[in-house]
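Observations on chain architecture
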Amino acid sequence: MKKIQIALDGPAGAGKSTIAKQLAARLDYVYIDTGAMYRAVTLAALEQSLDLNNGETLGELMKSLDIRLTPGENGQRVFIGDREVTDAIRSIEITNNVSFVARQKEVRAALVTAQRKLAERGGIVMDGRDIGTVVLPDAELKVFLTATVEERAARRHRENIARGMDSDITILQEEIALRDKRDSEREVSPLRQADDALYLDTTEMTIDEVVVRLMELAEGVL
Ligand code: C5P
């Protein structure tokens, strides 16, 4: 069977990674979470006390940064060189700073090149903000996944509680809205739906329902 490229884009907390992971498992495809790559750059930049608003400085960092993704039991594992940063890149500090790093064209150019290489043989489900528009414009299936900001914050809140973490739904909603604003208003590759992407509002859908719908769509192009 043909091994296609599937691009999933959408705002923060729309369930993209959970859905992409399950879809990839069902299709026996590789799952790539591109947000993790921007997060890893942010972690390295913060550790080196670099100015997150300086594209040239971050461009220099990109030359020496070795970000590796490997499949793990619970999805994708992330390494900088030999050091595993899978959990470290999920901190609140990284979450609230990643949009600054992601708007630098030097960072995007390096990561987009790496992402295209990972996808070149197909059999891939890639999630992010610019996959359908910039990274894989020829992907056979493109979906723009979204949900209301209230629902996205509520989902994140439930996840945090289930993990035994402190969580404030109002703060989550504000953080998500702010990150969406920064990602949508940046000059380089802003978050937007590709013209040929299917728009899917998941506010009223369960994860399983979304996965089933995406499987149907994928089977339609296989
Ligand atoms: O997907 P996740 O929420 O982990 O992404 C973290 C951040 O990385 C986003 O808020 C965005 O700033 C950036 N990002 C991006 N382009 C992508 C994936 C993520 O700009 N393809």
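Below or above, wherever it landed, is the structure these notes cover. (Residues numbered from 1 in each chain as written. Predicted model: local features only at pLDDT ≥ 70, side-chain atom pairs only at ≥ 80, totals over all residues. Heavy atoms only, no water.)

Judged by how many residues are buried, strand β6 (residues 124-128) sits mostly within the fold: 5 of 5 residues are covered. Of the two faces of β6, the one holding Ile124, Met126 and Gly128 and the one holding Val125 and Asp127 are both buried throughout. Bridge count between strand β2 (residues 30-33) and β6: 4 bridges; the pairing is parallel. The residue of β6 that forms the bridge with Tyr31 is Val125. (Buried < 20%, exposed > 50% of the residue type's maximum accessible area, 1.4 Å probe, protein only. Helix = DSSP H or I, 4+ residues; strand = E, 2+ residues; numbered from the N terminus. Pairing = 2+ DSSP bridges.)

Time to look at helix α8 (residues 169-185). Its 17 residues place the ends of α8 24 Å apart at the C-alpha level, agreeing with the 24 Å of an ideal helix rising 1.5 Å per residue. Along α8, the residues classified as buried are Leu172, Ile176, Arg179, Asp180 and Asp183. For α8, the angular spread of the buried residues around the axis is 100°, confining them to a single face. Every exposed residue of α8 that faces more than 90 degrees away from the buried side is listed here: Glu174 and Glu185. Looking at the buried side of α8, the elements it contacts are α2 (34-47), α4 (92-102) and α7 (149-162). One side-chain oxygen of the residue at the start of α8 lies 2.9 Å from the amide nitrogen of Thr170, identifying that residue as Asp168. (Expected span 1.5 Å × (residues − 1). Arc of directions from axis to C-beta. Contact = heavy atoms within 4.5 Å. Polar contact = N/O pair within 3.5 Å; in protein donor to acceptor, adjacent residues only side chain to side chain.)

Attention now goes to the sheet that holds β6. With respect to topology, 5 strands assemble into an open sheet ordered β2-β6-β1-β7-β8, the strand pairing being parallel. Among the strands making up the open sheet, the edge pair consists of β2 and β8 (198-201). The mean inter-strand angle of the sheet, taken between neighbouring strand axes irrespective of direction, is 20°. Sheet topology note: the strand β1 (residues 5-9)/strand β7 (residues 141-146) ladder contains 4 bridges and is parallel. Among the inter-strand pairings, Leu8 is bridged to a residue of β7, identified as Val143. In the packing of helix α1 (residues 16-27) onto the sheet, contacts are made with β1, β2, β6 and β7, and the angle to β6 comes to roughly 175°. Strand contacts of helix α5 (residues 105-119): β1, β2 and β6, with the helix running at about 155° to β6, the strand carrying the most contacts. (Axes fitted to C-alpha atoms, helices over the stretch in contact; angles between N-to-C directions.)

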